[in-house]
Amino acid sequence: MHPSDDPAEPVEPIIAPEPEPAVKVPLAIEDWLAVIVLAALALITFANVLVRYFTDQSFAWTEEISIFLLIVLTMAGGASAFVRNHHIRIEILADKGPARRRKLMALAANGCVLGFFMLLTVLSARLVYDEFIYEETSPAIGVPSWWYSIWMPIMAGAISLRVLGMLRRLLRESAAS
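Residues numbered from 1 in each chain as written. Predicted model: local features only at pLDDT ≥ 70, side-chain atom pairs only at ≥ 80, totals over all residues. Heavy atoms only, no water.

The protein is annotated in an unreviewed UniProt entry as TRAP transporter small permease protein of Bordetella ansorpii. Heading Subcellular location (unreviewed entry) of the UniProt record for the protein holds this comment: "Cell inner membrane". (UniProt positions renumbered as here; feature names shortened; annotations may be inferred.)

Okay, here's the thing in C-alpha cells:
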C-alpha cells in the first residue's frame, strides 16, 4: 500500500475552491432557499408517485406546485451563480488576457445581465398585476394565478440587486486600481 493511499489522510482538491465573494447580504439565503425548495419538490413528486402507484390516481395540484417551485429554484440558483461568478460565459474571453480587458468584459456582461433582469422584473410585475386585476385562477386548484407568478418579479428583483452589487464592487475595484 502506498503511503498516499491512506484513507485517513486528507486529499487535496485538484482545483482550489474560490473564496466566497464579499457581500453585504449573505449568500446563504439563496443557498438555503434552493435546498428547501428542492426538498419540497422531491417530497411532492415522491408523494405523487406513491399515490399513483397505489391508487391509480394522482394529485392534480402537484404539477402546478412543481412548476412554481422549479421557477423559484432556478431563480435562487441563478442569483447564487451570478454572485459567485459561476454563470455561463465564454471563459477564454472572460478569464484570459490583460486585466483591463477582463474588467471591461465583466462590466459589460454584468451590465447586460442587470438590464435583462430589470426588464424581467418590470414585465413579470405587469403580468402579476394583470392576473390580479382579471382574477385569473389556476386550472387544477382554482387559486389565484398571481399567487404563483408573484415570485417571478420578486426573484428577478433580487437577482437585479445582486448583480447591481457586483457591478458596484467591480466599479469600486476599477477606481481603486
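From this point, the narrative continues.
Participant: Quick rundown of the side chain of Ser-138? Include the residues and the values.
Facilitator: Topologically, Ser-138 is positioned in the loop between α4 (99-133) and α5 (146-149). When residues no more than four places from it in sequence are discounted, the contact partners of Ser-138 are Glu-64, Val-143, Ser-145 and Tyr-148. (Helix = DSSP H or I, 4+ residues; strand = E, 2+ residues; numbered from the N terminus. Contact = heavy atoms within 4.5 Å.)

Participant: With reference to specific residues and values, describe the UniProt feature "transmembrane region" (unreviewed entry) in the protein.
Facilitator: Feature annotation in UniProt places "transmembrane region" (unreviewed entry) on residues 32-53, 65-83, 104-125 and 145-164, given in this structure's numbering. Taken as a whole, residues 104-125 contains 100% helix and 0% strand, while its terminal C-alpha atoms sit 31 Å from one another. Helix makes up 90% of residues 145-164 and strand makes up 0%, while its end C-alpha atoms are separated by 30 Å.

Participant: Describe in detail the layout of surface pockets, supporting the description with residues and values.
Facilitator: Empty space among the atoms can be located by rolling a probe the size of a water molecule over them. Its volume calculated, the largest pocket comes out at about 750 Å³. In terms of lining residues, the largest pocket is bounded by 29 residues, among which Asn-85, Ala-106, Asn-110, Met-166 and Leu-170 are the most central. Among the secondary structure elements, those contributing two or more residues to the lining of the largest pocket are α2 (61-83), α3 (91-94), α4 and α6 (151-176). Element by element, the count of residues in the lining of the largest pocket is highest for α4, at eight residues. Among the residues making up the lining of the largest pocket, the classes are represented as 16 nonpolar, four polar and nine charged. Space inside the second largest pocket adds up to approximately 400 Å³. (1 Å grid on protein atoms, 1.4 Å probe; cavity = no way out; pocket = protein on both sides within 12 Å on 5 of 7 lines; lining within 4 Å. Points joined across faces, edges and corners; volume = space filled by probe spheres on them. Nonpolar A, V, L, I, M, F, W, Y, C, P; charged D, E, K, R; others polar.)

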